[in-house]
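# Inside the fold
The residues making up each chain are set out below.
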Amino acid sequence: MIEVKNLVKKYGNFTAVDNISFQAQPGEIVGLLGPNGAGKTTTMRVLTGYMPVTSGSVKVAGYDVTDDSLEVRQRVGYMPEQVPLYPDMTVEAYVLYWARLRRTKNPKQAVKAVLEQFQLLDRRKKLVRSLSKGLRQRLGLAQALVHNPPVIILDEPTIGIDPKQVVEVRDIVRSLRDNHTVLFSSHILSEVEQICDRVVIINNGKIVAEGTTDILGEQTHSDLALYVHIEGDKEQIQGLLQQIPAVSDVQAHESGFIIRGNNDELRHAVMQLIAEQRLELLEMRPIDRRLEDIFIKLVD
Amino acid sequence: MQATWLVFRREIGQYLGSPLAYLMGAAFLLLTGITFNNDLTLSIGNKPLEPALIPSLLASIMILFAPLLTMRLLAEEQREGTLELLLTAPISDSSIVIGKFLSAWAYFSILLALTLIYQVIAVSIAFPDISHVLGSYLGIWLYAGATLAIGTLFSATTENQILAAFLSMITLIVLYFGDAISQIVSNTQLADVMFNLTLRGHFMASFAIGILRAEDLVYYAGIIVIALFIAIQIVSSRRWR
Ligand SMILES: Nc1ncnc2c1ncn2[C@@H]1O[C@H](COP(=O)(O)OP(=O)(O)OP(=O)(O)O)[C@@H](O)[C@H]1O
Ligand SMILES: [Mg+2]
């Protein structure tokens, strides 16, 4: 469904995407994971026919993006990073407009169905400008799905919305799996792990890792980072933490420390220390593995 | 075709649905109304009514009005990012540009048609030369099409609406008064040639005085085609950046 081979995209002399290749099969959600400036948006813009390739070949839904741009565009649903809106249109008119431009059969019915799916039906007469950020995000998804395209490309759909709505959007994306090929970009590792079947990690325009999300987990799971806050003298506590054999690294963070070490033993060792030294534990929580950490690990 | 129609319909909806458009429409009617009324008062018992009065007035007004009407068309789509969705929809770039241009021209046509009310009044009291009147309306309609096409062109060049309006105003002023330059160097031959290249040269010397010439129709149609062609190239080039 999506076949990218040796894709290179340059802006003038600057190479934003540097010889990447990956595939996505029908029924698969593939995550495009990378920090800011990695080249996620650029890749997606090439896939949607918005920008040409500099070199390499890209096939979407069986058609080449360079030779059969219109065929590709007919079969792709795209939600750009910033949801493009017409503030003065009603919700219904907005989706209907895109449905008709993409030659959807029975456009009115399709619009009704998609508005229902995204719980926007009761707001269909509202002006787009009056929608909250989360609803706008849903409208962006509705627009991308209304013509029931086989391939769906979503550029960071969970950015800038509140946690409850993030969960909503993730559920929606997961529900698309059965009938579509989905390419989903993000810079949040845990999100990609939750939603995607496969992940392509890019950095500085190059692929640094690719595989199922399980493999990604194994590669990076062995180390755990914990935030611990223990009552008492900071220096003394730092010393005690450093003495734990399972701990490989201690860093001051907020009013406590971030410790890293072996996943299986770390918590236990900390609890033991607390009990032995009769300390008071104020807080202990795992720290989300940061993408940067993983890059460091993967690049090593 | 289908896409052009869809784009056109959305745009005309924007014109007819926005308060700004109504303000502009009201200003347009007020201005033409006052001019007509003045002419009417002056004329009584003195001179016949000027048949091309309102079209002649509009010829100069369009230099300001066309940029205001068209500045939004493509600049706003670029700023809001909706152009990215349009360019990734299965439609041609020309249908976007042409649909937008036609909507501006249609909106202008509605306003122009409203000024025909004055002509009805004029006919009932002063018996002007109706073919002269209608000829001048045809002329200003084409003339406006040309200015709106130029406005559409500059709206495609930038995402800044004010800049788009400014650039098209400058272009229209040059196209309108271009012959003034040759008048300054007082070369009458050059002035003649230049006058024939200007927007008003093809209006004042023909439509305004009751003459219909093929060359004038070709001139305005030519400007429309060239300006839209360039606008389409600019929109397409965004795809390749
Ligand atoms: N139109 C452009 N012209 C020139 N350089 C660009 C253009 N668009 C992006 N870039 C550069 O290309 C690189 C990749 O950008 P891109 O937007 O694809 O990254 P991204 O992975 O989407 O990042 P983010 O997470 O910030 O959205 C960046 O260094 C960016 O500055
Ligand atoms: Mg991006």
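Quick note: structure is the one above.
Let us look at the structure shown here. (Residues numbered from 1 in each chain as written. Chains lettered and ligands numbered in written order. Predicted model: local features only at pLDDT ≥ 70, side-chain atom pairs only at ≥ 80, totals over all residues. Heavy atoms only, no water.)

## What to know about the interface of chain B and chain A
Across the boundary between the two partners, chain B contributes 22 residues, which contact 27 residues of chain A. Summing both partners gives a buried area of about 2400 Å² for chain B against chain A, and 62% of it is carried by carbon and sulfur. Broken down residue by residue, the surface that chain B buries against chain A is led by E84, L85 and P90 of chain B, which jointly contribute 30%. The tally of links from chain B across to chain A stands at 1 salt bridge. A salt bridge links R45 of chain A to E84 of chain B, with the shortest nitrogen-to-oxygen separation between them at 2.9 Å. Where chain B meets chain A, there are 7 residue pairs in polar contact (both at pLDDT 80 or more). Looking at the side of chain B that touches chain A, the elements with two or more residues in it are α1 (2-17), α4 (72-80) and α5 (82-87) of chain B. When residues in the side of chain B that touches chain A are grouped by element, the largest group, 7 residues, is from α1 of chain B. Its residues placed into classes, the side of chain B that touches chain A shows 10 nonpolar, 5 polar and 7 charged. (Contact = heavy atoms within 4.5 Å. Buried area = accessible area lost by both parts, 1.4 Å probe. Salt bridge = Lys/Arg side-chain N within 4 Å of Asp/Glu carboxyl O. Polar contact = N/O pair within 3.5 Å; in protein donor to acceptor, adjacent residues only side chain to side chain. Helix = DSSP H or I, 4+ residues; strand = E, 2+ residues; numbered from the N terminus. Nonpolar A, V, L, I, M, F, W, Y, C, P; charged D, E, K, R; others polar.)

## Re the packing of aromatic side chains
How two aromatic rings sit relative to each other is given by the distance of their centres and the angle of their planes. All names here are of chain B. Scanning the entire structure with this criterion turns up 18 aromatic pairs over all chains. Judged by centre distance (4.3 Å) and plane angle (15 degrees), the rings of W105 and W141 are stacked. Of this pair, W105 sits in helix α6 (residues 93-126) while W141 sits in helix α7 (residues 130-157); the two residues are 36 residues apart in sequence, bridging distant segments of the chain. In this structure W105 comes out as buried when scored by relative accessible area, which is 12%. An aromatic cluster of at least three residues, connected via ring pairs, comprises Y143, F203, F207, Y219 and Y220. The ring of Y176 has R200 lying over it, and the distance from NZ or CZ to the ring centre is 5.4 Å. (Phe/Tyr/Trp six-rings, centres within 6.5 Å; stacked < 30°, edge-to-face > 60°. Buried < 20%, exposed > 50% of the residue type's maximum accessible area, 1.4 Å probe, protein only. Lys NZ or Arg CZ within 6 Å of the ring centre and 35° of its normal.)

## Examining the sheet that holds strand β10 (residues 206-212) of chain A
All names here are of chain A. Strand order across the open sheet formed by 6 strands is β6-β7-β8-β3-β9-β10, with mixed pairing between neighbours. With one partner strand each, in any of the chains shown, β6 (76-79) and β10 form the two edges of the open sheet. Each strand of the sheet is rotated relative to its neighbour by a mean of 15 degrees, with strand direction disregarded. Helix-sheet contacts for helix α1 (residues 40-47) involve β3 (29-33), β6, β7 (151-155), β8 (181-186) and β9 (198-203), and the interaxial angle to β8 is about 155 degrees. Most of the contacts of helix α5 (residues 133-145) go to β6, to which it runs at about 165 degrees, and overall it touches β6 and β7. (Pairing = 2+ DSSP bridges. Axes fitted to C-alpha atoms, helices over the stretch in contact; angles between N-to-C directions.)

## Looking at a nonpolar patch on the surface
Residue and element names in this part refer to chain B. Together, L16, Y22, I110, L114, I117, I121 and I125 make up a nonpolar patch on the protein surface, roughly 630 Å² of accessible area in all. With 5 residues, the top contributor of residues to the nonpolar patch is α6. Checked against the element boundaries, I117 lands in helix α6. We classify I117 as partly exposed; its relative accessible area is 48%. (Patch = residues over 30% accessible without salt bridge, like charges linked within 9 Å, V, L, I, M, F, W, Y side chains within 5 Å. Areas by Shrake-Rupley, 256 points an atom, 1.4 Å probe, with all protein chains shown as cover.)

## Describing the side chain of T152 of chain B
Residue and element names in this part refer to chain B. Relative to the helices and strands, T152 is located in helix α7. At 2.7 Å, the side chain of T152 forms a polar contact with the backbone oxygen of L148. Those residues within four positions of T152 in sequence are excluded, and the remaining contacts are T70, L73, L74, V97, F101 and L228.

## What to know about the sheet that holds strand β4 (residues 55-60) of chain A
Residues and elements named next belong to chain A. Spatially, β2-β1-β4-β5 is the arrangement adopted by the 4 strands of the open sheet, whose pairing is antiparallel. This sheet does not close on itself; its edge strands, each paired only once, are β2 (14-24) and β5 (63-64). Most of the contacts of α1 go to strand β1 (residues 2-11), to which it runs at about 115 degrees, and overall it touches β1, β2 and β4.

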